[in-house]
Amino acid sequence: MKLSGLIELENVSYHHENDLGESKIILDDISLRIEANTIVSVIAPKDAGLSSLMKICANLMEPSSGNYKNHINKEIIFLPTEPSTFPWLNVLDNMNVMFKENNEYLTREVLNQVGLDGYEDQFPLESSYSFRVRLALARSIITNPKLIVVDESFKYLVDEDRFDIYEKLKALQKIHNCSFLIGTRNLSEALLLSNRIILLAKDPCSIIDDFEVNFTQDSCVELVNNEDFLQKRNRIIDSYRYYKNHQMYRFTI
Amino acid sequence: MNQEPRAIFKYPVATTLLTIVLLYTVFTELMLTGFYPLPKPSVLYTSFCDVYNNYPLKEGFLDTFLLTTVALTFVYLFYKIFGLWLSYIYIHLPAIKHLSNFYKYIPIVFFAGLFIILFDYNYYGEFLFLVMFLIVQLGGVLIKSIENMQQGYFEAYKSLNMDQNLFVKKVLWKGSLVEIKKSLPKVYHKLILVAIGYEYLGLSVGMGKIIKLLIDLQDYYGLFSVMIVMGIYMFVIDRLLDFYSYRTRFWEL
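On a predicted model such as this, the values are computed, not experimentally measured, just so you know. Every chain is numbered independently, its residues counted from 1 as its sequence is written. Going through the entries in the order they are written, you letter the chains from A and number the ligands from 1. Local features in this predicted model are restricted to residues of pLDDT 70 or higher, and side-chain atom pairs are both shown and tallied only at a pLDDT of 80 or more, whereas totals for entire chains, interfaces and linings draw on every residue. To obtain the side-chain values, all non-hydrogen atoms of the structure were used and water was disregarded.

Participant: Any chance you could explain the pairing of strand E3 (residues 39-43) of chain A here in plain terms?
Facilitator: For a regular strand, the rule is simple: side chains alternate between the two faces of the sheet. All names here are of chain A. With five of five residues buried, E3 is to be regarded as a mostly interior element. Any residue under 20% of the maximum accessible area for its type is buried, any over 50% is exposed, and the rest in between are partly exposed; the area is computed with a 1.4 Å probe on protein chains only. For the purposes of this entry, the term helix denotes a DSSP run of H or I that reaches at least four residues, the term strand denotes a run of E that reaches at least two, and both are numbered from the N terminus. Every second residue of E3 is oriented toward a common face, with Ile39, Ser41 and Ile43 on one face and Val40 and Val42 on the other, all of them buried. Sheet analysis places E3 next to strand E7 (residues 179-184), joined by five bridges and oriented parallel. Residue pairing in the sheet places Ser41 in a bridge with Ile182 of E7. Pairing between strands is defined by DSSP: at least two bridges between the two strands are required.

Dropping the structure here:
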């Protein structure tokens, strides 16, 4: 029996109307399907409507037209760009904010998986940005979701933390058997994390390429020096060069 | 090389104020003899002594101080105890916010007049008037803070499938309490002005009554010296409330 995808988008479009009543097409005819136990990255240029797409995928926004099919009901978690941790709650309470009572055992286990064990009593603002991103990631995992939609959540991290979080995220995906849908403008991030990469164009946002990535290495440092990695990165750059009269969008490489 | 900022740049407001006072003293006492655009410090001191000896300044100050601080403490505790329930009510009945707008449409002086007539110039009337004023002011802060709560928190609420009551209890109310604490110095400034205005109109008790007497007797130097003392008092209260508000936001320390 073929397993159905976790979520499916069929010819989804999204229009935004400004105060003057002018309508702008943000997303145009997007179809995609996210399977179980995968990490899918969506690369898009700046202001291309990536956040809108991520929110539609996370069931936080309704598309203007097309079908959004959700086969996992409420088991989707959205991780916004800014880690929305609550400053007045400590790590333990932040992790259990959606539960009536704190589950200390499970909390410690998940905190350990993101590298925050021993910080249960700390407050988010006492800590670094990377700490808050890890906390938001751990809080998403603790609910045991089937899909986590990440909307450029790692873009303000420094490289040192970035590689560590990528490796932790890949480990989390294997431990918890969940899927990740990662929206990003960072080509290396997409290549280092994903099994599949989808490229989006701008004005309007539509899919221009969709390909599989299967690197065997788990270490990010090893991966970035891999020949295959560099080839895949060039493929993304070439795809964007080819699109729209060889204009290259600005990306973080 | 990083250097500690010098004290003069560390406390710009205090430094500027001290400089103005120093220049004012030097100019009026030593240089501009015979020409007084503003009263000299020595004249102000004499005037203040006159006011202190000839008017019920101590009683007036004590009346205003007690009425305002007791009213503020009472209403603040009311919000600390019942704020969570008020937040629930607001979430389920958002139209209640129009109640906090009625000062915009009906001038506060109308309510002051009403209370003066109803309570025949006594402490209870002023206390009830100040309590009503504070309930509306802090209610406005509560509603505004709920409305302006970070979008990310609402996304987290939807995404984490939080129970609405749990979200109000752990996030909205706690976040709003922070804003209420932050607003206390500003609200107290307004409260003092409203209290003095009420006392001035009611000719009953407090600093408003003394100010009215000073104006009627055209003792402008006395009035000026009382204003300076009131300014110092408000500054001290402002610092104390600010300190309290800051200390209770322990996660920012």
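The discussion continues.
Participant: Sorry if this is basic, but what is going on with the side chain of A:Asn186 here?
Facilitator: Residue and element names in this part refer to chain A. On the secondary structure map, Asn186 appears in the loop between E7 and helix H6 (187-193). Here Asn186 falls in the buried class, since its relative accessible area comes to 10%. At 3.0 Å, the side chain of Asn186 and the backbone nitrogen of Ser188 are in polar contact. Here a polar contact is taken to be a pair of N or O atoms separated by no more than 3.5 Å, where protein atoms must pair a possible hydrogen donor with a possible acceptor and residues adjacent in sequence count only if both atoms sit in side chains. One polar contact links the side chain of Asn186 to the main-chain amide nitrogen of Glu189, over a distance of 3.1 Å.

Participant: Is there a simple way to explain the interface of chain A and chain B in this structure?
Facilitator: For interface size, the figure often reported is the accessible area lost on association. When checking whether two residues touch, look at their non-hydrogen atoms; a contact exists if any pair is within 4.5 Å. Counting from both sides, the interface comprises 23 residues of chain A and, opposite them, 18 residues of chain B. Accessible area that two parts lose when put together, with a 1.4 Å probe and added across both, is what the buried area reports. For the pair chain A and chain B, the two sides together bury roughly 1,900 Å², of which 68% comes from carbon and sulfur. Basic side-chain nitrogens of Lys or Arg form a salt bridge, by our definition, when they fall within 4 Å of a carboxyl oxygen of Asp or Glu. Our count for the contact surface shared by chain A and chain B stands at one salt bridge. Note that B:Glu155 is salt-bridged to A:Lys55, the shortest N-O span being 2.8 Å. Our count for the contact surface shared by chain A and chain B stands at eight residue pairs in polar contact (both at pLDDT 80 or more). Examining the composition of the side of chain A that touches chain B, we find that three residues originate from one element, strand E5 (residues 76-79) of chain A, more than from any other. Residues were grouped as follows: Ala, Val, Leu, Ile, Met, Phe, Trp, Tyr, Cys and Pro as nonpolar; Asp, Glu, Lys and Arg as charged; and all remaining residues, including Gly, as polar. Here the side of chain A that touches chain B is built from residues that sort into 14 nonpolar, four polar and five charged.

Participant: Explain the pattern of salt bridges to me, please; I cannot follow it from the model alone.
Facilitator: Opposite charge on two side chains lets them pair, provided their charged atoms get close. Scanning the entire structure with this criterion turns up 19 salt bridges over all chains. Residue A:Glu75 is joined to A:Lys146 by a salt bridge in which the shortest nitrogen-to-oxygen separation is 3.3 Å. In this pair, A:Glu75 is assigned in the loop between strand E4 (65-70) and E5 and A:Lys146 in the loop between helix H4 (129-142) and strand E6 (147-151), connecting sequence segments 71 residues apart. Between B:Asp216 and B:Lys212 there is a salt bridge, with its nearest N and O atoms 4.0 Å apart. In this pair, B:Asp216 and B:Lys212 both sit in helix H10 (residues 206-216), four residues apart, roughly one turn of the helix. Here the residues in one salt-bridge network are A:Glu8, A:Arg33 and A:Glu35, joined through shared partners.

Participant: I would appreciate a short explanation of the confidence of the model for chain B in the present structure.
Facilitator: In low-pLDDT segments, the atomic positions of the prediction should not be examined closely. In this model, chain B carries an average pLDDT of 83, and 87% of its residues clear a pLDDT of 70 or more. Across the whole predicted complex the pTM is 0.77, and at the interface the ipTM reaches 0.75. Every residue is assigned a pLDDT by the predictor, reflecting its confidence on a scale from 0 to 100.

Participant: What should I look at first to understand the pairing of E5(A) in this one?
Facilitator: All names here are of chain A. A two-sided burial pattern is seen for E5, the buried positions comprising Ile76 and Phe78 on one face and Ile77 and Leu79 on the other. Bridge analysis of E5 against E6 gives four bridges, and the strand direction is parallel. Directly across from Ile76, in E6, lies its bridge partner Leu147.

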